[in-house]
Amino acid sequence: MSTPRAKSRSAAAVASMAVALIGLGGGAANAAGWPPLQEGAHLYSGLTGTGTVTEVDLNDLGTCHTLSPSARSVQIANGSASLELFSGSGCTGWAWRSGSLTQTNLPQAALSYRVVPA
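Before going into details, it helps to say that this report is about the structure given with it. Given the structure is predicted, the values throughout are model-derived calculations rather than measurements. (Residues numbered from 1 in each chain as written. Predicted model: local features only at pLDDT ≥ 70, side-chain atom pairs only at ≥ 80, totals over all residues. Heavy atoms only, no water.)

## Some words on the environment of proline 36
Stage number 1. Tracing the backbone through its elements, the reader meets proline 36 in the loop between helix H1 (4-23) and strand E1 (40-44).
Stage number 2. When its relative accessible area of 67% is taken as the criterion, proline 36 is described as exposed.
Stage number 3. Residues proline 36 and glycine 49, spaced 13 residues apart in sequence, show a C-alpha to C-alpha distance of 9.5 Å. (Helix = DSSP H or I, 4+ residues; strand = E, 2+ residues; numbered from the N terminus. Buried < 20%, exposed > 50% of the residue type's maximum accessible area, 1.4 Å probe, protein only.)

Structural data, given as structure tokens:
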């Protein structure tokens, strides 16, 4: 039989687990639909790692690349490089910067990107 104190501890443990999952990065809580995490950086034309895949050369620092098709989600497992993604071609428009360990849907479609140090 559960006591109110035991129920309180269980609720606290569940809340802590939820916070930990959210803290892993956007999309981490919905990781079941994503492709397996692999080293490097990958841009996807669809949400949650679906659609056409663009593999990013993380050694090509600073060069602006225009995407076709646009990217709607990103998955990065690196440690030394991140991506800056832009809403316009030629690295123009709004900018969004990833971390070096990221798995998330983008706030809107990205038409270009460049690799930057993490």
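## Remarks on the environment of isoleucine 76
Stage number 1. Position of isoleucine 76 among the secondary structure elements: in strand E3 (residues 65-77).
Stage number 2. As for isoleucine 76 and serine 98, which are separated by 22 residues in sequence, their C-alpha atoms are 8.2 Å apart.
Stage number 3. Among all residues touching isoleucine 76, those that are not within four sequence positions of it are Gly40, Ala41, Ala81, Leu83, Ser98, Gly99, Ser100, Leu101 and Thr102. (Contact = heavy atoms within 4.5 Å.)

## A look at the side chain of glutamine 75
Stage number 1. Summarising the element assignment, glutamine 75 is placed in strand E3.
Stage number 2. Judged by relative accessible area, glutamine 75 falls into the buried class, the value being 1%.
Stage number 3. Looking at glutamine 75, its side chain comes within polar contact range of the main-chain oxygen of proline 35, at 3.3 Å.
Stage number 4. Excluding anything up to four places from it in sequence, glutamine 75 contacts Trp34, Pro35, Pro36, Leu37, Gln38, Gly40, Ala41, His42, Tyr44, Thr102 and Gln103. (Polar contact = N/O pair within 3.5 Å; in protein donor to acceptor, adjacent residues only side chain to side chain.)

## Things to note about the state of the cysteines
Stage number 1. On inspection of all chains with the given rule, the structure shows one disulfide.
Stage number 2. The disulfide partner of cysteine 64 is cysteine 91, and the gap between their sulfur atoms is 2.2 Å. Here cysteine 64 and cysteine 91 share a disulfide; its torsion about the S-S bond, 110°, makes the bridge right-handed. Residue cysteine 64 is located in the loop between strand E2 (53-56) and E3, and its partner cysteine 91 is located in the loop between strand E4 (81-88) and strand E5 (92-97); the two are separated by 27 residues in the primary sequence.
Stage number 3. Note on cysteine 64: relative accessible area 32%, which makes it partly exposed. (Disulfide = S-S within 2.5 Å.)

## Remarks on the environment of tryptophan 94
Stage number 1. With respect to the secondary-structure elements, tryptophan 94 resides in strand E5.
Stage number 2. Note: C-alpha distance between tryptophan 94 and alanine 110 (16 residues apart in sequence) is 9.0 Å.
Stage number 3. Residues within four places of tryptophan 94 in sequence aside, it is in contact with Leu85, Phe86, Ser87, Pro107, Gln108 and Ala109.
Stage number 4. A polar side-chain atom of tryptophan 94 sits 3.4 Å from a polar atom in the side chain of glutamine 108.

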